[in-house]
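Examination of the molecular architecture
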Amino acid sequence: MAKISMIVNGNPVNANVDPRTLLVQFLRENLRLTGTHVGCDTSQCGACVVHLDGKAVKSCTTLAVMADGHEVKTIEGLAADGAPLHPMQEAFREHHGLQCGFCTPGMIMTAVDLVHRKGHELTDEVIREELEGNLCRCTGYQNIVASIAAGAKAMAKSDLA
């Protein structure tokens, strides 16, 4: 067993885990943060994207021990409990950027990282290119792209950006 300590959604977490435990397993099974989804286990679909020290990572191919001493943010941590949705979450709701919702947490976490890296004025081409590692099996992506563009602009005006 390996002893790990990290900050998850602003809260300190300490645990003993098998060194082979994936971050997605740790989040879902140990911490019951089930918004991070497992879609493929091969780093292809992006449903498991979380932020590790502010950068988007696929938690299905990241070991929990790799997050030791770091900060992890999941979809549950984007907006504080009882607070309004994060601007990107609100944009997905407002612009119908989801259907079944399975890919949505990973899409939103990827989108927030994209805005932090590329800014608030994103072209459809840039958004589509950056979503290359996130798959949606329900939509034609147009509403997802529109949601991200709107969310990026809304993040410019928000404290939650």
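The coordinates are above.
The rules we used
- Residues numbered from 1 in each chain as written.
- Predicted model: local features only at pLDDT ≥ 70, side-chain atom pairs only at ≥ 80, totals over all residues.
- Heavy atoms only, no water.
- Helix = DSSP H or I, 4+ residues; strand = E, 2+ residues; numbered from the N terminus.
- Rg over C-alpha atoms; globule rule 2.2 N^0.38 Å.
- Buried < 20%, exposed > 50% of the residue type's maximum accessible area, 1.4 Å probe, protein only.
- Contact = heavy atoms within 4.5 Å.
- Areas by Shrake-Rupley, 256 points an atom, 1.4 Å probe, with all protein chains shown as cover.
- Lys, Arg positive; Asp, Glu negative; His and termini not counted.
- Charge placed at Lys NZ, Arg CZ, Asp CG, Glu CD.
- Expected span 1.5 Å × (residues − 1).
- Pairing = 2+ DSSP bridges.
- Axes fitted to C-alpha atoms, helices over the stretch in contact; angles between N-to-C directions.

1. Some points on the overall build of the protein chain
The number of helices and strands found in the protein chain is five helices and five strands. Helices and strands in the protein chain line up, N terminus first, as β-β-α-β-β-β-α-α-α-α. Taken over C-alpha atoms, the radius of gyration comes to 15 Å for the protein chain, in line with the 15 Å a tight globule of 161 residues would show. Summarising its shape, the C-alpha atoms of the protein chain cover approximately 45 × 30 × 25 Å along the three principal directions. Taking all 161 residues of the protein chain together, the buried fraction comes to 44%. A separation of at least 24 residues holds for 58% of the contacts in the protein chain among residues at least 6 apart in sequence. As displayed, the protein chain offers around 8200 Å² of accessible surface, 50% of which is attributable to carbon and sulfur atoms. One finds the centroid of the 14 positive side-chain charges in the protein chain at a distance of 2 Å from the centroid of its 18 negative side-chain charges.

2. Some words on helix H3 (residues 104-118)
Taking 1.5 Å per residue as the helical rise, H3 with its 15 residues ought to reach 21 Å, and the 20 Å between its terminal C-alpha atoms agrees with that figure. The buried fraction of H3 is high, at twelve of 15 residues. Those residues of H3 that sit buried are Thr 104, Pro 105, Gly 106, Met 107, Ile 108, Met 109, Thr 110, Ala 111, Val 112, Asp 113, Leu 114 and Val 115. Considering only its buried residues, H3 is in contact with strand E3 (49-52), strand E4 (55-58), strand E5 (71-73), helix H2 (87-94), helix H4 (124-130) and helix H5 (142-156). Phi turns positive one or two residues past the end of H3, at Gly 119, with a value near 100°.

3. A word on the sheet that holds E5
Across a sheet, paired strands are connected by hydrogen bonds in the backbone, their directions being either parallel or antiparallel. If you walk across this open sheet you meet the five strands as E2-E1-E5-E3-E4, and the pairing is mixed. The open sheet is flanked by strand E2 (11-17) and E4, the only strands paired with a single partner. Strand after strand, the sheet turns through a mean of 40° between neighbouring axes, direction not considered. Strand direction decides the pairing type here: strand E1 (residues 2-8) and E2, joined by seven bridges, are antiparallel. Within E2, the residue paired with Met 6 across the bridge is Val 13. Packed on one face of the sheet, helix H1 (residues 23-30) meets E1, E2, E3 and E5 and runs near 105° to E2. In this fold H3 packs onto E3, E4 and E5, with an angle of close to 40° to the strand it touches most, E3.

4. As for unusual backbone geometry
In this structure, Arg 32 takes a positive phi of about 60° despite not being glycine. With respect to the helices and strands, Arg 32 occurs in the loop between H1 and E3. In this structure, Ser 43 is a non-glycine residue whose phi angle is positive, near 70°. Along the chain, Ser 43 falls in the loop between H1 and E3. Among the residues examined, Ser 43 registers a relative accessible area of 25% and is labelled partly exposed.

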